[in-house]
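Summary of structural features
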Amino acid sequence: MRPARALIDLDALRANFILARELGGGRKTLAAIKADAYGHGAVACARALQGLADAFGVACIEEALELRQAGITTPIVLLEGFFDADELPLIVQHDLWFAVGAPWQVEAVLAFQTTALLKIWLKLDSGMHRLGLSPADFRAAHARLSALPQVAPMVLMSHMARADELDSQRTREQADLFAATIDGLAGETSLCNSPALLGWPDVRSDWVRPGLMLYGANPLPTQSALTERLRPVMIMQSKVFAVREIGIGEPVGYGARFVAERPTRVGVVALGYADGYPQFAPNGTPVQIDGQPGTLIGRVSMDMLTVDLTDLPQAGVGSTVTLWGESPRLDVLAPLCGVSAYQLPCAVKRVPHQHLGG
């Protein structure tokens, strides 16, 4: 069997959730598990957090139905709402909560006939300019929807565009606009994502919505005492399955990006960019080999990559190579490779996941 695998530490997931809830001041906490829990396995992660999380956040109804079919009874919020009014009966059938952030969605809810109680998260565009209603439309929609007997008290939400930029005033501007827009409106609030929780302690809401931090990656550009408490959830590993000895001046891999400057032992590892590892990770990108520091050499191939074993004489065929986890950490590896810590685990699709601590 191919030795590539992603170990998912569910105890670490729970610890990160508890930290997020603590930073939110013990407020209601929605765990974002969209995109298959950022590549970590939505059903397993939901089961691990059921009883802790006040709600789960997904992108679409397909993701919600997968959780319901797996027996998840915790409230689920469709963070992008519905994409067609025909989804509303399914939303009612499976007792889903949903965002409303576009004028046509408001009109669809107003036209929908039901005796069920609809649980809406009404979204304001406070400056992200992606989804959400303008301030004037938001207040008008709140009045129209609140007048419907089938609409429960709504959650009033917005989304931070630049909370990971601690020197930007955009977060404060968005928080101020949100506060001004909802002034006098009934409903709980939801504003704080992972970077807001970690970097903006004076910005808080009734519901907090941690995402990336749940999986142990730091969304901020620098480390702090808080971000040091995050525990990596995914450990990406494979094994060396071949060893080559090359001389000075000999290249390794496509394009001869690495050329040996000394006699070099090359370990070939069963994992590549088709498994979610960055194709253009540079020479010297850190890895761990049997728990010891090591480096990547040569261009990453679709199914394989190569590491330098020269200074690790005990390493060879069968040695375990950790591509990310506790070391190197995902949020350290990603910028070295010119990608995002959000992107890497989501791309891990064909590697078998082994969930630990369930």
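Summarised in this report is the structure supplied together with it. (Residues numbered from 1 in each chain as written. Predicted model: local features only at pLDDT ≥ 70, side-chain atom pairs only at ≥ 80, totals over all residues. Heavy atoms only, no water.)

**Focus on the pairing of strand 17 (residues 320-324)**
A regular strand places its side chains on the two faces of the sheet in alternate fashion. Judged by how many residues are buried, strand 17 sits mostly within the fold: 4 of 5 residues are covered. When strand 10 (residues 234-246) meets strand 17, the two strands line up antiparallel, connected through 4 bridges. Counted as the bridge partner of Met236 is Trp324 from strand 17. Pairing of strand 14 (residues 286-289) with strand 17 involves 2 bridges; the strand directions are antiparallel. Within strand 17, the residue paired with Ile289 across the bridge is Val321. (Buried < 20%, exposed > 50% of the residue type's maximum accessible area, 1.4 Å probe, protein only. Helix = DSSP H or I, 4+ residues; strand = E, 2+ residues; numbered from the N terminus. Pairing = 2+ DSSP bridges.)

**Some words on helix 8 (residues 170-182)**
Spacing of three or four residues puts side chains on the same side of an α-helix, whose turn is 3.6 residues. Look at helix 8: 18 Å from first C-alpha to last across 13 residues, which is about the 18 Å you get at 1.5 Å a residue. Along helix 8, the positions that sit buried rather than exposed are Thr171, Gln174, Ala175, Phe178, Thr181 and Ile182. With its buried residues spanning 130° around the axis, helix 8 presents them on a single face. Residue Gly184 follows helix 8 closely and has a positive phi angle near 85°. (Expected span 1.5 Å × (residues − 1). Arc of directions from axis to C-beta.)

**Side note on the environment of Asp290**
Structurally, Asp290 can be placed in the loop between strand 14 and strand 15 (292-297). Residue Asp290 is classed as partly exposed on the basis of its relative accessible area of 43%. Counting along the chain gives 14 residues from Asp290 to Gly276, while the straight-line C-alpha distance between them is 21 Å. Of note is the side chain of Asp290, whose polar atom sits 2.8 Å from the side chain of Ser319. (Polar contact = N/O pair within 3.5 Å; in protein donor to acceptor, adjacent residues only side chain to side chain.)

**Points about the pairing of strand 5 (residues 97-100)**
Of the two faces of strand 5, both are covered, the one formed by Trp97 and Ala99 as well as the one formed by Phe98 and Val100. As judged from the 2 bridges shared by strand 4 (residues 76-78) and strand 5, these two strands associate in the parallel manner. Across the sheet, residue Val77 finds its bridge partner in strand 5, namely Trp97. Running through helix 5 (residues 88-93), the crossover from strand 4 to the neighbouring parallel element strand 5 is right-handed. In this sheet, strand 6 (residues 120-123) lies alongside strand 5 in parallel orientation, the contact comprising 3 bridges. Residue pairing for strand 6: Ala99 is matched across the bridge by Trp121. Note that the unit made of strand 5, helix 6 (residues 103-111) and strand 6 has a crossover that is right-handed. (Right-handed = clockwise from strand over helix to strand, strands pointing away.)

**Focus: unusual backbone geometry**
With an omega of -5°, the peptide bond between Ser327 and Pro328 qualifies as cis. Considering the arrangement of structural elements, one finds Pro328 in the loop between strand 17 and helix 10 (330-336). Phi angles above zero are rare outside glycine, and Asp290 is one such case at about 50°.

**A look at the nonpolar core**
One recurring pattern in soluble globular proteins: nonpolar side chains tend to sit buried together. Phe98, Tyr277 and Trp324 are the most contacted members of the largest nonpolar core, which totals 102 residues. The element that contributes the greatest number of residues to this core is helix 1 (residues 10-23), accounting for 7 residues. With sequence-adjacent residues up to four places away left out, Trp324 is seen in contact with Met234, Ile235, Met236, Gly276, Tyr277, Leu330, Leu333, Leu344, Pro345 and Val348. (Core = buried A, V, L, I, M, F, W, Y, C linked by side-chain atoms within 4.5 Å. Contact = heavy atoms within 4.5 Å.)

**Section: the packing of aromatic side chains**
For any pair of aromatic rings, geometry is given as the distance between the ring centres together with the angle between the planes. All chains considered together, the criterion is met by 8 aromatic pairs. For the ring pair Trp97 and Trp207, a centre distance of 6.0 Å and an interplane angle of 85° mean the geometry is edge-to-face. Here Trp97, found in strand 5, pairs with Trp207, found in strand 9 (residues 207-208); they are 110 residues apart in sequence, far enough to count as distant. Summarising the burial analysis for this pair, Trp97 and Trp207 share the class buried. Between the aromatic rings of Tyr277 and Trp324, the centroid separation amounts to 6.4 Å while the plane-to-plane angle is 10°, which identifies the pairing as stacked. On the criterion of sequence distance, the pair formed by Tyr277 in the loop between strand 13 (264-269) and strand 14 and Trp324 in strand 17 is long-range, its members being 47 residues apart. (Phe/Tyr/Trp six-rings, centres within 6.5 Å; stacked < 30°, edge-to-face > 60°.)

**Brief notes about the sheet that holds strand 5**
Spatial strand order, 2-3-4-5-6-7-8-9: 8 strands in a closed barrel with parallel pairing. Bridge count between strand 2 (residues 28-32) and strand 3 (residues 55-58): 3 bridges; the pairing is parallel. Each residue of the ladder has a partner; that of Ala31, found in strand 3, is Phe56. Packed on one face of the sheet, helix 8 meets strand 7 (155-157) and strand 8 (188-192) and runs near 170° to strand 8. (Axes fitted to C-alpha atoms, helices over the stretch in contact; angles between N-to-C directions.)

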